[in-house]
Amino acid sequence: MRRLPSPPSSGPHAPPVPERTLTVVSADGSRVHTELHGPEDAPAVVLAHGWTCSTAFWAPVVRALSADHRVIVYDQRGHGRSPAPGSGGYSTHALADDLVAVVEAALPAGRRAVLAGHSMGGMTLMAAADRPVLRERAAAAVLCSTGASRLVDRARVLPLRPPRARALAHRALLGSRAPLGSVTPLSKRLVRYATMGPGADPAAVEVCARILHACPRAVRAGWGRVLLDLELDARIGELTMPTAVIAGTADRLTPLEHAHAMAAALPHCTGLIELPGLGHMTPVEDPEAVTGVIRGLVEEYGTSQAPHPSTTQKPHAKEQTA
């Protein structure tokens, strides 16, 4: 039986009750659990979570946005309430298929949305960059704590000095099927070290640990193998909609060099937002900052109905620190 995290019953990390749920069917028949929050006629936002997470990861952001936004959030295949993959299995192509299916099913015809992806969710946006649906329905995008390639080479989770040894150790970690067991004080310390900044709130660490431990180990390993050899650099230039990049300065999983590379390659980067002292779990560590970036894009681009033209001249990528 699928293990789901035990969410807090109150507070900012408690997942809000959706206004409606959908079971979206992807191109290969895989079923994708999708939740709709907030007023149906409000500006729309689509949230895609990362590796080993679920819709519960976005709880603080959903709570903040759903008062005046239509928030669409879904469980990536195999995560949360979405069953293990169908014949399409584990691939960046499948990630793109699932995102397209969710957008088409949950966003009314003629409506556009700001799409935000964290970690593997950001990779999902890049994987879908060449899909007509994304170009037509995305008013703007957010790439949050993510990277396009060389994940094992650039990661800093295991502090081994020889680069080759460090990369090999990270490959073993990503592809591991080892059971994580129950959430313990030791496992929470490991989650904080690997995925969060040193000043992370204990409640946030607890929630992230429960979410990560709830991911089935076969699913964790299946997607981990996809991330091992991820190569999406060529897709960044196809994200022609206005796109913001968010990164924590203490991120060990996708260090800042990923954010700088993506910001430089995007045709229309609206800004690189560096969050001092934060780790990889930025939407949980500082939901106000992430929500603020999404709100800003909605206010500037979210009501536009015409598709963004392909941009040949690349605007300057502004850098700012929050």
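Note that this is a predicted model, so its numbers are computed, not measured.

## Brief notes about the pattern of salt bridges
Alright, step 1. Summed over the entire model, instances satisfying the criterion amount to 14 salt bridges.
Alright, step 2. Linking arginine 70 and glutamate 19 is a salt bridge whose minimum nitrogen-to-oxygen distance equals 3.0 Å. Of the two residues, arginine 70 sits in strand S4 (residues 70–74) while glutamate 19 sits in the segment before strand S1 (20–25), which places them 51 residues apart along the sequence.
Alright, step 3. For arginine 70, a relative accessible area of 5% gives the class buried.
Alright, step 4. Salt-bridge contacts for lysine 188 lead to glutamate 206; the nearest nitrogen and oxygen are separated by 2.7 Å. Of the two residues, lysine 188 sits in helix H7 (residues 185–195) while glutamate 206 sits in helix H8 (residues 202–214), which places them 18 residues apart along the sequence.
Alright, step 5. The class of lysine 188 is partly exposed, set by a relative accessible area of 25%.
Alright, step 6. Here the salt bridges share partners, and the residues they tie into one network are Asp97, Asp130, Arg131, Arg135, Arg235 and Glu238.

## Notes on the packing of aromatic side chains
Alright, step 1. Counted by the stated rule, this structure contains two aromatic pairs.
Alright, step 2. Where phenylalanine 57 meets tryptophan 58, the ring centres are 5.9 Å apart and the plane angle is 80 degrees; that geometry is what we call edge-to-face.
Alright, step 3. A residue is classified by how much of its surface remains accessible, and phenylalanine 57, at 1% relative accessible area, is buried.

## A word on helix H6 (residues 163–174)
Structurally, the α-helix is built with 3.6 residues per turn, so residues lying three or four positions apart point the same way.
Alright, step 1. Taking 1.5 Å per residue as the helical rise, H6 with its twelve residues ought to reach 16 Å, and the 16 Å between its terminal C-alpha atoms agrees with that figure.
Alright, step 2. Restricting attention to buried positions, one finds in H6 the residues Arg166, Ala167, His170 and Leu174. Buried residues along H6 cover an arc of 100 degrees about the axis, so they all sit on one side.
Alright, step 3. On its buried side, H6 packs onto helix H5 (151–154) and helix H9 (217–228).

## Details of the environment of alanine 167
Alright, step 1. Along the chain, alanine 167 falls in helix H6.
Alright, step 2. You can call alanine 167 buried: its relative accessible area is 11%.
Alright, step 3. Measuring from C-alpha to C-alpha, the distance between alanine 167 and threonine 92 comes to 21 Å, with 75 residues separating the pair along the chain.
Alright, step 4. Sequence-distant contacts of alanine 167, that is, excluding residues within four places in its chain, are made with Val152 and Asp153.

## Some remarks on the nonpolar core
Alright, step 1. Among the nonpolar cores identified, the biggest contains 56 residues, and Leu99, Leu115, Met123, Met126, Leu134, Leu239 and Val245 are the most heavily contacted of them.
Alright, step 2. Here this core gets eight residues from one element, more than from any other, and that element is helix H2 (residues 92–106).
Alright, step 3. The residues contacting methionine 126, other than those within four sequence positions of it, are Leu143, Thr146, Gly147, Ala148, Leu232, Arg235, Ile236, Leu239 and Met262.
Alright, step 4. If you look at the next biggest cluster of nonpolar residues, it comprises 40 residues, including Val45, Met196, Ile211 and Ala289.

Criteria and cut-off values
- Residues numbered from 1 in each chain as written.
- Predicted model: local features only at pLDDT ≥ 70, side-chain atom pairs only at ≥ 80, totals over all residues.
- Heavy atoms only, no water.
- Salt bridge = Lys/Arg side-chain N within 4 Å of Asp/Glu carboxyl O.
- Helix = DSSP H or I, 4+ residues; strand = E, 2+ residues; numbered from the N terminus.
- Buried < 20%, exposed > 50% of the residue type's maximum accessible area, 1.4 Å probe, protein only.
- Phe/Tyr/Trp six-rings, centres within 6.5 Å; stacked < 30°, edge-to-face > 60°.
- Expected span 1.5 Å × (residues − 1).
- Arc of directions from axis to C-beta.
- Contact = heavy atoms within 4.5 Å.
- Core = buried A, V, L, I, M, F, W, Y, C linked by side-chain atoms within 4.5 Å.

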